[in-house]
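For reference, the chains in residue letters:
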Amino acid sequence: MCGIVAYKGKKVCFPILLNGLKKLEYRGYDSAGVACLMNNKIHITKRAGKVKELENAINNKQSSKNCGGLGIAHTRWATHGEPNQKNAHPHVDASKKITLVHNGIIENYDPIKKFLKSKKIKFKSDTDTEVLVQLIGYFYKDGKLDFEKSVRAALQRVDGAYAIVVLNADFPDMMIAARKGSPLVLGLKDNEFFIGSDVSPIIKHTQQITYLNDSEMAVINGDGYEIKSVDKDVSLPKKVEKIDYKIDDFDKGKFQYFMHKEIHEQVDTILNTLKGRSTKSSVLLHGLSEYWEEINVAEKIYITACGTSWHAGLIGKNLIERFAEVPVHVEYASEFRYNHSIMDNKTVVIAISQSGETADTLAAIAKANDFGAITIGICNVPGSSVSRETKCGIHTRCGHEIGVASTKAFTAQISVLYLLALKLADSKKKITSHVLKKHLNMSGYEKSAVGLNPYGTKAIKSLLRKEKSINKMAQKYKNASDFLYLGRGLNFPIALEGALKLKEISYIHAEGYPAAEMKHGPIALVDKNMPNVFIVPKDKTYDKIISNIEEIKSRKGKIIIITDSKDKILRDLADDLILIPKTNQYLFVILATIALQLFSYFIAVAKGCDVDQPRNLAKSVTVE
Ligand code: F6R
């Protein structure tokens, strides 16, 4: 939610900042701006719309070539105030000496604004952010406090979440960054400093990274830097890490959209996630070993997450209850954080998050930690807040996910949950070693290096080869205004996920339902224009789902079937059918997901939607 990039060094800053903003645009894209320090003055350029608008504006300015080596930039996802130029960041204080970019929400902006107004400070925007920069300016004015102390004093008075970078025209060799609740990463290279909301704008320049923790500030001065506490003026030790993201992760390659690239990457990302995490007869989850004894005897498990990650949680519940026979409750993190959940040190709380920065998920983790629960993170971003704030965890190894609609992270999350369910079942002796071995060595598919590939690379590749026919189908349905997605058991969450993917990127209304539940209400929506997507594995639910299809068919609804069965009855019932390779019920879930991801993707492209940056959305939701 909002992307921040900043640079201090000897190079001209604008190209670095603009390039960085393009990498961060997935976090928000309703307006963008940059500020640099030239001749002891702050120069700001802002535009409503995408980074491209800002780039054009900058390229038309002669002065931008001499913009110097100190600058901050921002791409916005509006929280307070319309997405227009006035509300775009960076914002300045009344003296126009101090400028700041911000990601987060200042919750107590109203009383602070009233206070500042009582001091005759005039506001130019409708944002909460301007309140913060004006407050810093208020403390700095007339030499009340020095620059660093002014930033600290202001931060100590705000509630809510922030990641900020601040410049002061009186300190042309200084930059201050701070965070609480929103992520911020510092990249180090000789005498250059890079700051980003994540590593994507930094990785091209350096792999030496330090992650700021909550309530920490980085004070960069001259050629040196110090990490300090926001709460008091003390230095803190800092660990510099070498990160190994591939630059490829940030390029679309031959694909038109990141989402399409990321759908295709699932051939590798699932395997990467599984690699080294099992032998032929046991599951190895080293990230949990320190807490395994407690996890193994836990009496209750909560899974908490948002959006797509929550859908993965529903599959996790099914698998853990099925194999390990432990009750699992799945809760939206935004509800869990305020619910009266009953937890203690015999409770496991699994938080699932692609980004590792979702505000509600982090609040849910904090609550679980307060109760003494064993918190497990399933997260795609090493070093992220979820990774750091859970007691133990398992990383999905998908690389950077840039398309706003989550794809490869979801299938990797399911893979991890599958392993976790098996490991728990094995530890609790709820499955025999024979059954475990069967799961770990599903036959008929390419064997991975570890002998575990139930997710059959071959099957995924073969499905991806069919994408032309899925595209053809998408053209046929692109003008529908509503869809129903229906599945049972493990495939009910896939119906939810299929519907969510369609909604977010094509703006077509879609609902996911358990296939049999449909007749308790949603069936009233069905008419000859309504496509109904049925997910139909050839398993014990098969006959029941066929009855559900008949119910819709007899009301003239259009029937789209995703199945691994070649049965004639399905062909007769379907208006359209996607045949996925025959595998097993666990891999079916992954394959059906990929088919639905492609279906939504092609509909969105056919409708001319901006697939990677759908309206109103942002990749990581770092506000409540
Ligand atoms: C949907 C989507 C969102 C996220 C949700 C949680 O395609 O991307 O629903 O799944 O915002 O995000 P993470 O997993 O980063 O916590």
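Please refer to the structure placed before this passage.
Residues numbered from 1 in each chain as written. Predicted model: local features only at pLDDT ≥ 70, side-chain atom pairs only at ≥ 80, totals over all residues. Heavy atoms only, no water.

We now examine empty space enclosed by the protein. This structure, assessed with the given rule, holds four cavities of 30 Å³ or more. Roughly 210 Å³ of internal volume is contained in the largest cavity. The class makeup of the residues in the lining of the largest cavity is seven nonpolar, seven polar and five charged. Volume-wise, the second largest cavity comes out at about 70 Å³. Lining the second largest cavity are 13 residues, and of these Cys2, Thr79, His89, Gly104 and Thr129 sit closest to its centre. Put simply, the parts of the chain that give the lining of the second largest cavity at least two residues each are β6 (98–106) and α4 (128–140). Broken down by element, the lining of the second largest cavity gets its largest block of residues, three residues, from β6. (1 Å grid on protein atoms, 1.4 Å probe; cavity = no way out; pocket = protein on both sides within 12 Å on 5 of 7 lines; lining within 4 Å. Points joined across faces, edges and corners; volume = space filled by probe spheres on them. Nonpolar A, V, L, I, M, F, W, Y, C, P; charged D, E, K, R; others polar. Helix = DSSP H or I, 4+ residues; strand = E, 2+ residues; numbered from the N terminus.)

What follows deals with the packing of aromatic side chains. Across all of its chains, the model carries 17 aromatic pairs by this definition. Taking the centre distance of 5.4 Å and the plane angle of 65° together, the rings of tyrosine 138 and phenylalanine 139 count as edge-to-face. Across the pair, phenylalanine 139 and tyrosine 138 agree in class, each one buried. Taken together, the ring pairs in this structure connect Tyr477, Phe483, Tyr485 and Phe599 into an aromatic cluster. Looking at lysine 50, its charged tip hangs above the ring of tyrosine 29, at a distance of 5.3 Å from the centre. Over the aromatic face of phenylalanine 123 sits the side chain of lysine 113, whose NZ or CZ is 5.0 Å from the ring centroid. (Phe/Tyr/Trp six-rings, centres within 6.5 Å; stacked < 30°, edge-to-face > 60°. Buried < 20%, exposed > 50% of the residue type's maximum accessible area, 1.4 Å probe, protein only. Lys NZ or Arg CZ within 6 Å of the ring centre and 35° of its normal.)

Close to the ligand lie 14 residues, the nearest being Ser309, Ser353, Gln354, Thr358 and Glu504. In the model, an oxygen atom of the ligand is placed 3.0 Å from a nitrogen or oxygen of the threonine 308 main chain. Lysine 501 places a side-chain nitrogen or oxygen 3.0 Å from an oxygen atom of the ligand. When the free accessible area of the ligand is taken as 410 Å², the share hidden by the protein chains comes to 90%. Among the residues making up the shell around the ligand, the classes are represented as four nonpolar, eight polar and two charged. (Near = heavy atom within 4 Å. Polar contact = N/O pair within 3.5 Å; in protein donor to acceptor, adjacent residues only side chain to side chain. Areas by Shrake-Rupley, 256 points an atom, 1.4 Å probe, with all protein chains shown as cover.)

On the secondary structure map, serine 385 appears in helix α12 (residues 385–389). Among the polar contacts made by the side chain of serine 385, one reaches the side chain of arginine 179 at a distance of 3.2 Å. Look past the residues within four positions of serine 385 in its chain and what remains in contact with it is Arg179, Gly356, Glu357 and Leu362. (Contact = heavy atoms within 4.5 Å.)

Here we have six strands laid out as an open sheet, ordered β5-β6-β7-β8-β12-β13, and antiparallel in their pairing. Lying at the two open borders of the sheet, with one neighbouring strand each, are β5 (91–92) and β13 (224–229). In this sheet, strand β12 (residues 216–221) lies alongside strand β8 (residues 174–180) in antiparallel orientation, the contact comprising six bridges. Paired with arginine 179 across the two strands is glutamate 216, which belongs to β12. Against the sheet, helix α5 (residues 147–157) engages β7 (160–168), β8, β12 and β13, with an angle of about 160° to β7. (Pairing = 2+ DSSP bridges. Axes fitted to C-alpha atoms, helices over the stretch in contact; angles between N-to-C directions.)

Another point: the sheet that holds strand β22 (residues 531–536). Strand order in the open sheet made by the five strands is β21-β20-β22-β23-β24, with parallel pairing throughout. Of all the strands in the sheet, the pair left with one neighbour each is β21 (509–514) and β24 (576–579). Averaged over all pairs of adjacent strands, the angle between their axes in this sheet comes to 15°, without regard to strand direction. In terms of strand pairing, strand β20 (residues 482–487) meets β21 through six bridges, oriented parallel. Paired with phenylalanine 483 across the bridge in β21 is alanine 510. Seen against the sheet, helix α18 (residues 542–553) touches β20, β22 and β23 (558–563) and runs at an angle of roughly 170° to β22. Set on the sheet, helix α20 (residues 585–606) makes contact with β20, β22, β23 and β24; between it and β23 the angle comes to about 135°.

It is at 10 Å that the axes of helix α13 (residues 408–427) and helix α14 (residues 433–440) come closest, and there the two elements cross at 165°. The pairing of α13 with α14 is recorded here as roughly antiparallel in orientation. Every pair of crossing elements has a handedness; the one defined by α13 and α14 is left-handed. Contacts from Tyr418, Leu422 and Asp426 in α13 reach Leu436, His439 and Leu440 in α14. Grouping the amino acids of the contact of α13 with α14 by side-chain chemistry returns four nonpolar, one polar and one charged. (Parallel < 35°, antiparallel > 145°, perpendicular 65-115°, else oblique. Left-handed = near helix turned anticlockwise from the far one by under 90°.)

What follows deals with the pattern of salt bridges. Under the counting rule described, the total for this entry stands at 28 salt bridges. Notably, a salt bridge pairs lysine 317 with glutamate 321, separated by 3.1 Å at the nearest N-O pair. Taken together, the positions of lysine 317 and glutamate 321, both in helix α9 (residues 307–324) and four residues apart, correspond to about one turn of that helix. We classify lysine 317 as partly exposed; its relative accessible area is 27%. One network of salt bridges, with partners in common, ties together Glu148, Arg152, Lys228 and Asp233. (Salt bridge = Lys/Arg side-chain N within 4 Å of Asp/Glu carboxyl O.)

Okay, α9 next. Taking 1.5 Å as the rise per residue, α9 with 18 residues should run 26 Å; its terminal C-alpha atoms sit 25 Å apart, in good agreement. Among the 18 residues of α9, 14 are classified as buried, and the element is accordingly described as predominantly covered. After α9 finishes, the residue glutamate 325 shows a positive phi value of roughly 60°. (Expected span 1.5 Å × (residues − 1).)

Of all hydrophobic cores here, the largest spans 94 residues; its most connected members are Ile295, Ile320, Ile350, Phe483, Tyr485 and Phe599. For this core, the element with the highest residue contribution is α20, accounting for 16 residues. Non-local contacts of phenylalanine 599, meaning those with residues more than four positions away in its chain, are made with Ile470, Met473, Ala474, Tyr477, Phe483, Tyr485 and Ile560. (Core = buried A, V, L, I, M, F, W, Y, C linked by side-chain atoms within 4.5 Å.)

Turning next to unusual backbone geometry. Most peptide bonds are trans, and most residues other than glycine sit at a negative phi. With an omega dihedral of 0°, the bond running from histidine 89 to proline 90 counts as a cis peptide bond. Mapped onto the secondary structure, proline 90 falls in the loop between β4 (70–76) and β5. Of note, the phi angle at serine 215 is positive, near 60°, even though the residue is not glycine. One non-glycine residue, lysine 429, lies in positive phi territory at about 60°. Among the structural elements, lysine 429 can be located in the loop between α13 and α14.

Position of isoleucine 578 among the secondary structure elements: in strand β24. The buried category is assigned to isoleucine 578, whose relative accessible area is 4%. Isoleucine 578 sits 16 residues away from isoleucine 562 along the chain, and the two C-alpha atoms are 4.8 Å apart. Among all residues touching isoleucine 578, those that are not within four sequence positions of it are Ile470, Met473, Ile561, Ile562, Thr563 and Ala595.

Just geometry here; none of it tells us what the structure is for.
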